[in-house]
Amino acid sequence: MIITMKQGAKPKDIAIVAEKIKGLGYKPHISKGKDVTIIGMIGDYAEKYKDAFESMEVVEHVSEIQKPYKLASREFKKENTIVKVSRNVEIGGEKIHVIAGPCAIETKEQMFTTAKIVKDAGATIIRGGAYKPRSSPYAFQGLGEKGLKYLNESGSKLHMPTISEAMTVEQVGLVAKYCDIVQIGARNIQNYDLLKAAGKQTKPVLLKRGMATTIKELLLSAEYVLSQGNYNVILCERGIRTFETATRFTMDLNAIPVIKKLSHLPVVLDPSHGIGIREHVGTMAKACIAVGADGLIIEVHPQPELALSDGPQSLLPDQFKTLMKELDLVAKAVGRELLY
């Protein structure tokens with residue numbers, strides 16, 4: 001349930017309510033808005049203590065959260081969440097951030113060259129896969145920790161935040177050590193032990209929607225991370241699997257306004273995976289901004305024909321540079337900004 005504090009409630013008042021929640025065996029989840037503070041009391045049978053909290057002088061009112069995803073819902077927090085990453089990058093505000101880089105980190109030179117290309121074009125976060133979940137066991141699986149070191153070094157030299165995927169519970173700490181954002185990929189969106197591990201560390205977490213995951217299931221996966229105390233969660237739409245075979249996946253643009261109505265969490269989109277065809281990635285990227293994306297993930301490679309992973313959907317440097325200028329125009333048309 002949600003406990004809404006009276007306007008102007010002091011820190012000591014909030015602490016008293018939080019301690020009472022703990023005393024009852026629940027974990028308080030505090031959300032401080034512009035005017036009021038809301039405390040979530042999440043757990044089985046929490047509603048039976050409604051009267052006990054409503055009788056407190058510092059409490060305005062108490063209400064039950066109807067959605068199965070409690071902390072991710074608009075009922076818990078009406079204002080949009082802005083996730084603070086690092087190096088003054090914030091996702092969820094007026095500025096749209098572009099996360100760009102190679103699908104897989106292949107060499108130190110390839111990682112830095114690509115990172116420099118995307119930064120010069122206006123990207124604000126570098127991506128690169130060190131651990132690669134591949135359909136074939138014979139495909140390139142990534143460089144592991146060595147790749148993370150290359151990514152971290154590139155980010156440090158260029159003063160840019162970094163993001164990479166963790167595939168196992170054991171990898172979460174390692175990715176968090178080297179990167180500014182921990183990504184949970186589409187194939188692991190319902191790996192609940194992995195989600196809980198991501199929620200127990202403090203770096204922002206980006207959750208990619210699975211190819212057969214409903215919006216409700218995506219938000220429940222976010223709930224796993226939030227429930228562990230990490231409120232810096234970013235959702236990512238990257239296409240769902242349908243009967244269509246002309247594209248890699250079907251980009252579910254419908255999901256964005258729906259998710260934004262249901263949840264306060266920021267949403268980024270991945271048109272590279274969504275369509276999987278280089279010549280159409282730009283078109284879909286512009287559509288993503290038009291429907292309200294807070295950010296984009298775009299794969300770029302200096303030599304896609306030699307890429308060890310997802311070459312056909314990776315943009316060439318000149319294509320990415322041109323696209324960024326076009327995306328900026330679309331962003332301005334919808335009242336946002338992309339390039340400084």
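That block above? That's the structure.
Residues numbered from 1 in each chain as written. Predicted model: local features only at pLDDT ≥ 70, side-chain atom pairs only at ≥ 80, totals over all residues. Heavy atoms only, no water.

A. Structural view of the packing of helix α4 (residues 145-158) against helix α5 (residues 169-178). Remark: α4 packs on α5, axes separated minimally by 9 Å, with the N-to-C direction vectors making an angle of 20 degrees. As the angle between them shows, α4 and α5 are arranged roughly parallel. Of the two possible hands of crossing, α4 and α5 adopt the one that is right-handed. Along its contact with α4, which presents Glu145, Leu148, Lys149 and Asn152, the element α5 presents Leu174, Val175, Lys177 and Tyr178. Split into classes, the residues belonging to the contact of α4 with α5 amount to four nonpolar, one polar and three charged. (Axes fitted to C-alpha atoms, helices over the stretch in contact; angles between N-to-C directions. Helix = DSSP H or I, 4+ residues; strand = E, 2+ residues; numbered from the N terminus. Parallel < 35°, antiparallel > 145°, perpendicular 65-115°, else oblique. Left-handed = near helix turned anticlockwise from the far one by under 90°. Contact = heavy atoms within 4.5 Å. Nonpolar A, V, L, I, M, F, W, Y, C, P; charged D, E, K, R; others polar.)

B. Fine view of the environment of Gly199. With respect to the helices, strands and loops of the structure, Gly199 is situated in helix α6 (residues 192-200). Gly199 sits in the buried class, given a relative accessible area of 3%. Among all residues touching Gly199, those that are not within four sequence positions of it are Val225, Gln228, Gly229 and Asn230. (Buried < 20%, exposed > 50% of the residue type's maximum accessible area, 1.4 Å probe, protein only.)

C. Seen up close, unusual backbone geometry. One non-glycine residue, Tyr45, adopts positive backbone phi at about 65 degrees. With respect to the helices and strands, the residue Tyr45 is situated in the loop between β3 (37-42) and α2 (50-54). A residue is classified by how much of its surface remains accessible, and Tyr45, at 60% relative accessible area, is exposed. Located in the positive-phi region is Arg87, a residue other than glycine, with phi close to 50 degrees. Its place among the elements puts Arg87 in the loop between β5 (83-84) and β6 (90-91).

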